[in-house]
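Here is what each chain is made of, one letter per residue.
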Amino acid sequence: MTQRHILTLNPSKARAAAHRAMALAALHADSSLSVRLHRFNRHMAIARSLESQEVAL
């Protein structure tokens, strides 16, 4: 798997992208469905929060 380096002047944008990636990874984890869904929802909430802060700036 190749790694992408995110070059950005806005660190919240990079963090939001990282949380979206963690959310997708959580769906593919070897855990119960409820645990995977909880992790996915938690990371997506953080990503949405970071994106809304970015728009507000």
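Described in the following lines is the structure provided in the data block.

Calculation notes
Residues numbered from 1 in each chain as written. Predicted model: local features only at pLDDT ≥ 70, side-chain atom pairs only at ≥ 80, totals over all residues. Heavy atoms only, no water. Helix = DSSP H or I, 4+ residues; strand = E, 2+ residues; numbered from the N terminus. Buried < 20%, exposed > 50% of the residue type's maximum accessible area, 1.4 Å probe, protein only. Contact = heavy atoms within 4.5 Å. Areas by Shrake-Rupley, 256 points an atom, 1.4 Å probe, with all protein chains shown as cover. Salt bridge = Lys/Arg side-chain N within 4 Å of Asp/Glu carboxyl O.

1. Focus on the overall build of the chain
Looking only at helices and strands, the chain features two helices and zero strands. Within the chain, buried positions represent 18% of all 57 residues. Contacts spanning at least 24 positions in sequence make up 48% of the contacts within the chain whose residues lie at least 6 apart. For the chain, the accessible area works out to roughly 4,700 Å², and carbon and sulfur atoms hold 60% of it.

2. Comments concerning the environment of Ala25
Relative to the elements of secondary structure, Ala25 occurs in helix 1 (residues 11–27). Residue classification places Ala25 among the partly exposed positions, given a relative accessible area of 48%. The spatial distance from the C-alpha of Ala25 to the C-alpha of Arg36 is 9.0 Å, given a sequence separation of eleven residues.

3. What to know about the pattern of salt bridges
A full pass over the atoms with the stated rule returns one salt bridge. For the salt bridge of Glu51 with Arg20, the shortest nitrogen-to-oxygen distance reads 2.3 Å. In this pair, Glu51 sits in helix 2 (residues 33–56) while Arg20 sits in helix 1, placing the two residues 31 residues apart along the sequence. Residue class for Glu51 comes out partly exposed when judged on its relative accessible area of 33%. According to the relative accessible area criterion, Arg20 is partly exposed, its value standing at 32%.

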